Amino acid sequence: MPVKFTRTKAEFSGECTVEEAETIFEWLRKTPKGELHLAGVTHFHAAILQTLMITQNKISAMPRDSFAAECMRQVRSA
Amino acid sequence: MKTILVVDDSDLIRWVMKTALEGEGFKVEMAEDGVKAIELITGGLKPDLIITDLNMPNMDGLALIQNVRPMLRFTPILVVSTESQASKRDEAKKLGATGWLTKPVNPEDLLKVIRRVLPGA
Amino acid sequence: MNPLLQQFLSEGRDFIEQIGQKLLILEETPNNEAVVGELFRFVHTLKGNSGLFDLPILTRVVHAAEDLLDRVRDHELTVTSELTDDLLSAMDFVVQLLDEIEDGGTIPDTYLPDATKLVDRLRSLLPERDVHEDEEGAEETMPAPTDWSWLSRLTEEQRVQALAQTPADQAIWALFYLPEPQCFFKGEDPLLLLKHVPGLAGFSIRAAQPWSPLDELDIYTANLAIDALSMADRAELDEHLRYVPEQIAVYQLPRFALAVPTGDASEVPGVYADFFDRARDCLGRSDMDGLRVAVDAMLDMINPTLWMASALRWCLCLQDMGFDTSVLAFHLEATADHKIPDWFLFNRTQSASLNAPDKQAAPIAVEDPKLPAGTLSDMELALWDRIFETQRQFLAIPSASAQWGGRLASVYNTLTGLLRAKGDVQALAALEDAAETSEQEKSFAPLLEFLDGYGPIAVCNDEPLAIVAEETVVPMVVELAAERQIRQDRRAGEGAIESTRRAAEVSADKAVRTLKVPQEKVDRLMDLIGEMVVAKNALPYLAARAEDVFGSRELGREIKSQYAIINRIAEEMQDGIMQVRMLPVDAIFQRFPRLVRDVAKQLGKKVRLVIEGEDTEADKNIIESLGDPMIHILRNSLDHGIEMPEVRAADGKAEEGRLSVRASQEGDRVLIEIEDDGKGIDPAVIKRKAFEKGLIDEQRLDTISDADAVQLVFAAGFSTAETVSNLSGRGVGMDVVRSSLEKVGGQVRLTSEKGKGTKIILSLPLSMSVSNVMMVDIGGQNFGVPIDVVVETVRIKQSDIHIFKQRRTAVLRGRIVPLYSTDELLASHNPPKPNADGEYAVLVARVHGETVGIVVDGFAQTIDVILKPLEGALAGLAGFAGSALLGDGSVLLVLNIKELI
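As the structure is a computational prediction, the values presented were derived from the model and not from experiment.

Turning our attention to the overall build of chain A. Scanning chain A for helices and strands turns up 3 helices and 4 strands. Walking chain A from its N terminus toward its C terminus, one meets helices and strands in the order β-β-α-β-α-β-α. Among the 78 residues that make up chain A, the fraction classed as buried is 54%. For chain A, the computed accessible surface area is about 3,500 Å², with 52% contributed by carbon and sulfur atoms.

This is how it looks when you write it as structure tokens:
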């Protein structure tokens, strides 16, 4: 599982697949104060990005991958 | 390592695909028709990508897609066919295929298309 | 038979059943697009599957049906009662063919003439097809967006880079990608596709529609709108996007379109006004150097993060790219108004003026009297208004006298085009006059007057669309309005089709979590758990033996505790397998609409069938045993219950009879009510008939209640039908209904009110779960008797048995109990023998409310078994409830005492 959840933080790494979107979405809904550590993401599926668009969890580290980082900028900067 | 399931009734094509894909670092599983492919999947195989021929005995590519979709909801499926008409492709797409390759498949084109549907490839 | 062919046959029957159902729904609601879609898909798949085998006759018939439905889908053909009849009979024919294949593996050529006739008939219903339509419908493509403001979501740097990397004479490709909502279920990842777009130079991602509330949101419904810039060439782009052409629009952006200011929108009071005056002045004189100096000076003064600074940098950039004053002026005026320049609009007006026949020429009278009818779509109207309004602004931009004529011509041409599109002849004439006056007076005033006089602009949508026209709009708001615009455009374009498609997709998704398992596999599990239940029952005996024979109480206890665990697991397992075997009653009910429709038509009656609770579940065997009895009951209702329309009308009833079938679950039983509002049953007639047929004696005739009397229709040998019709009179009466239901532990009751209708209630067990049976010895062989009919087991001395009314009887607890001996019941030649003390073993059972004694050779233990109905040749043996497999592999026959006596 490329996403590790703790009580206060979700750490994404590698390639986040569509199958994980549901789990991530659940966690984000239940943990609105939880922070997202995205530094290690290499790619996320569009469904994952959608979860990040509709929830407002704080992002503690943006992805190092430039494409993923630009996606985040698009959905979270405005 | 990503696993690709190649479904084709031609021994030759399966061999060519296997060689090309393994050379690129994929794990390759093979089935000679839709029924065998379904057996592999119901047996627990969870490929990251399925590449299937359209015309096969027993269960053809379209029927395979129909049967696979309920089990593997999000897995990309590419169909390979000699047929140049768009109708079969469109039908495959309607049934849940992700894209297609035209026979004869050259390895370069194959990899380009795989990259389009399989992340990290 | 080839297992695949077998699968085709069973699937084929399923499909035909579904097709029949959908056709009937469609007959009621001919415009139900979702049903048309499903129907087409079933027929289409059936055809496709048949192509796998060499069955040309079948394929041809199905193909003809498919062609018809294809036209229905395209709205070229409407579903009528006749069309339904034809399609239904085609499907009936296909069923015949399937039967043939099942029996003989192939379709005899004797079917060819009928098939040909049928195909010709179906083909004759096909409307002539317009050739043009075929071509048009070939490829659906997405329209390019009419709003380019998404570019402001790219950073200034990204856009500057993109411009730097494309040669000055080359346009920049943009794509608009609206992934379809269900695309994730096709293995698509829009982000992956975007990531690998060749020459990707920047992109924007937004929600395509407002998000639903979190609780209702389906994260697997794609809701993204993606715009992107690409430096690659068109061929490369098309190749990359070829899998999703219907979701993507690729279009060209002129280089200036990238000049969109972004940044902090706050104002620096009092500094801008002078600057704009100066800049306009420079532009008016085409003094590019002067403009550059003014912009540079301004840029030095203000914070570079400001929106204004960005706008000024773009002004320099546009100059660097060599754009002429019109581009610069448009940009400058938008900047002065604190707006994002609407480059799409500008580009459109520009190309309009470029396409004008003679740029400098004075307006020429319109020669062409033929005006297209003013039929513009909402979207076009909105665009129309925007372009129209822009002309006013265009005229307001100061211009050097050299360009004056060009602008007049450009505005005139654009307006002419607009008015022609609307078909407004009067306005065209007025425009011509105004333009001529303007030309003569060398002033825009007359043209502006015409524009003002054209009246308020009809805004077709509620939301403000005229982006440039609005007075004080900050960039962010512009963006929102732009998003709305895109959404609206899209909605206008796809609305109806999209919604039906979505409905179809949702229903497809419902099937996703269902696993198709061959029946034999479940049956095998059932057999195994049956054996398991029996085998585990050996453990208590083993425990007893451990204690008694081997003297180890401890081992005995351990075996018992292990038994408790195994027992629990076995019960849960059995429960689980039972659940798998549960089917909705719909499996049977779905045949009824067709049946009722056909029978009613044949009889000339009008009947509305109402089905409720079709999702009630019961064990597969129960469900299967329901089919024939229910069809029989329904036919009876149609035949004898519901009256002819004219009779009903005369009785003051609605002409259309109502037949309702309701299923529900009550505790561990399934209840099915079949109710009609027909003529009901007259208890007096039943009593008389029953008496005539010797079913009741004179005494009973007098005492029997009406409610009990109507139950007599279930008695063997009773038939109320005065004339035997070809429908219900198939030589079986309601007694067959009763006995076949009783075989699976069901009961049936009838209530009826003369003139009002009849209601039949079937009550069935939910599942064929474990039955507790008592094993009895009859002639040296073990038989089972269901424990629920057993009252007690007694031993009766030979001397206590008396002959009374030609029957052996005994007195038990003060009551006379008739005794039956197993040799008479089973027609065997071994009469039960008494034991050494001269006592007979008698099983006392309760049958039809009476207590009877059955004389057997001896009793054995009671055991749990899973009762299976007898199959094949044995199925007709009424005296047996079924068979059960024992732990040692032998088969136990279980008696049906009710039938035996």
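All right, on to the interface of chain A and chain C then. Taken together, the contacts link 25 residues of chain A with 28 residues of chain C. Between chain A and chain C, roughly 2,200 Å² of surface is buried when both sides are summed, and carbon and sulfur atoms account for 65% of that area. Of all residues in chain A, Gln50(A), Phe67(A) and Gln74(A) give up the largest surface area on contact with chain C, accounting jointly for 29% of the area buried on that side. The tally of links from chain A across to chain C stands at 1 salt bridge. A salt bridge links Arg29(A) to Asp215(C), with the nearest nitrogen and oxygen atoms 2.7 Å apart.

All names here are of chain C. Sheet architecture is open: 5 strands sit in the order S6-S8-S9-S11-S10, paired in mixed fashion. The two strands at the open ends of the sheet, each matched to only one other strand, are strand S6 (607–612) and strand S10 (747–753). When the angles between neighbouring strand axes are averaged without regard to direction, this sheet yields 15°. As paired elements, strand S9 (residues 669–676) and strand S11 (residues 757–765) share 8 bridges and run antiparallel to each other. Residue pairing for S11: Leu-671 is matched across the bridge by Ser-763. Packing against the sheet, helix H24 (residues 592–603) makes contact with S6 and strand S8 (657–666), and its axis sits at approximately 165° to S6.

Right, let's talk about the sheet that holds strand S2 (residues 200–207) of chain C for a bit. Pairing in this open sheet of 4 strands is antiparallel, and the strands run S2-S3-S1-S4 (chain C) from one edge to the other. Edge strands, defined here as strands with exactly one partner in the open sheet, are S2 and strand S4 (248–253) of chain C. Across the sheet, the mean angle from the axis of one strand to that of its neighbour is 15°, orientation sign disregarded. As paired strands, strand S1 (residues 172–177) of chain C and strand S3 (residues 224–230) of chain C are joined by 5 bridges and run antiparallel to one another. When the sheet's bridge partners are listed, Tyr177(C) is paired in S3(C) with Ile226(C). Its contacts with the sheet put helix H2 (residues 46–54) of chain A on S2 and S3 of chain C, and the angle it makes with S2(C) is roughly 55°.

Helix packing for two helices is described by the angle between their axes and how far apart those axes are. Residue and element names in this part refer to chain B. It is the contact of helix H2 (residues 34–42) with helix H3 (residues 61–68), at a shortest axis distance of 9 Å, that shows an interaxial angle of 20°. One way to sum up the angle between H2 and H3 is to call them roughly parallel. The element H2 and its partner H3 pack so that their crossing is right-handed. For the pair H2 and H3, contact is made by Gly-34, Ala-37, Ile-38 and Ile-41 and by Leu-64, Asn-67 and Val-68, respectively. Residue composition of the contact of H2 with H3, grouped by class: 5 nonpolar, 2 polar and no charged.

On to the interface of chain C and chain B, then. Listed as interface residues are 20 residues of chain C and, on the opposing side, 27 residues of chain B. Contact between chain C and chain B buries roughly 2,200 Å² in total, counting both sides, with carbon and sulfur atoms accounting for 54%. With a closest N to O distance of 2.8 Å, Lys93(B) and Glu188(C) form a salt bridge. Connecting chain C to chain B are 10 residue pairs in polar contact (both at pLDDT 80 or more). Secondary structure elements with two or more residues in the side of chain C that touches chain B: helix H2 (33–50), helix H8 (190–195) and helix H9 (234–240) of chain C. Of the residues that constitute the side of chain C that touches chain B, the class distribution is 10 nonpolar, 5 polar and 5 charged.

This part is about the packing of aromatic side chains. Each aromatic ring pair is specified by the distance between its two centres and by the angle formed by the two planes. All names here are of chain C. In the structure shown here, the tally under the stated rule is 17 aromatic pairs over all chains. Between Phe-93 and Tyr-111, the aromatic rings sit 5.9 Å apart at their centres with planes inclined by 65°, giving edge-to-face as the arrangement. Of this pair, Phe-93 sits in helix H4 (residues 81–104) while Tyr-111 sits in the loop between H4 and helix H5 (112–124); the two residues are 18 residues apart in sequence, bridging distant segments of the chain. Of the two residues, Phe-93 and Tyr-111, both sit in the buried class. Joined through ring pairs, the aromatic side chains of Phe-256, Phe-323, Phe-330, Trp-343 and Phe-346 make up one cluster.

When the charged atoms of two side chains lie near each other, side chains of opposite charge can form a pair. Per the counting criterion, the structure on display carries 53 salt bridges over all chains. As a salt-bridge pair, Lys46(B) and Glu19(A) come within 3.3 Å of each other at their nearest N and O atoms. A residue pair is termed interchain when its members come from two chains, as with Lys46(B) in the loop between H2 and strand S3 (49–53) and Glu19(A) in the loop between strand S2 (9–16) and helix H1 (21–30). With a relative accessible area of 37%, Glu19(A) lands in the partly exposed category. Of the charged contacts, one joins Arg662(C) and Glu675(C) as a salt bridge, the two residues approaching to 2.7 Å between their closest N and O atoms. One end of the pair, Arg662(C), is in strand S8; the other, Glu675(C), is in strand S9, and 13 residues separate them in sequence. A cluster of three or more residues bridged by salt bridges with shared partners is formed by Glu27(C), Asp85(C), Asp92(C), Arg594(C), Arg597(C), Asp598(C) and Lys601(C).

Calculation rules
- Residues numbered from 1 in each chain as written.
- Chains lettered and ligands numbered in written order.
- Predicted model: local features only at pLDDT ≥ 70, side-chain atom pairs only at ≥ 80, totals over all residues.
- Heavy atoms only, no water.
- Helix = DSSP H or I, 4+ residues; strand = E, 2+ residues; numbered from the N terminus.
- Buried < 20%, exposed > 50% of the residue type's maximum accessible area, 1.4 Å probe, protein only.
- Areas by Shrake-Rupley, 256 points an atom, 1.4 Å probe, with all protein chains shown as cover.
- Contact = heavy atoms within 4.5 Å.
- Buried area = accessible area lost by both parts, 1.4 Å probe.
- Salt bridge = Lys/Arg side-chain N within 4 Å of Asp/Glu carboxyl O.
- Pairing = 2+ DSSP bridges.
- Axes fitted to C-alpha atoms, helices over the stretch in contact; angles between N-to-C directions.
- Parallel < 35°, antiparallel > 145°, perpendicular 65-115°, else oblique.
- Left-handed = near helix turned anticlockwise from the far one by under 90°.
- Nonpolar A, V, L, I, M, F, W, Y, C, P; charged D, E, K, R; others polar.
- Polar contact = N/O pair within 3.5 Å; in protein donor to acceptor, adjacent residues only side chain to side chain.
- Phe/Tyr/Trp six-rings, centres within 6.5 Å; stacked < 30°, edge-to-face > 60°.

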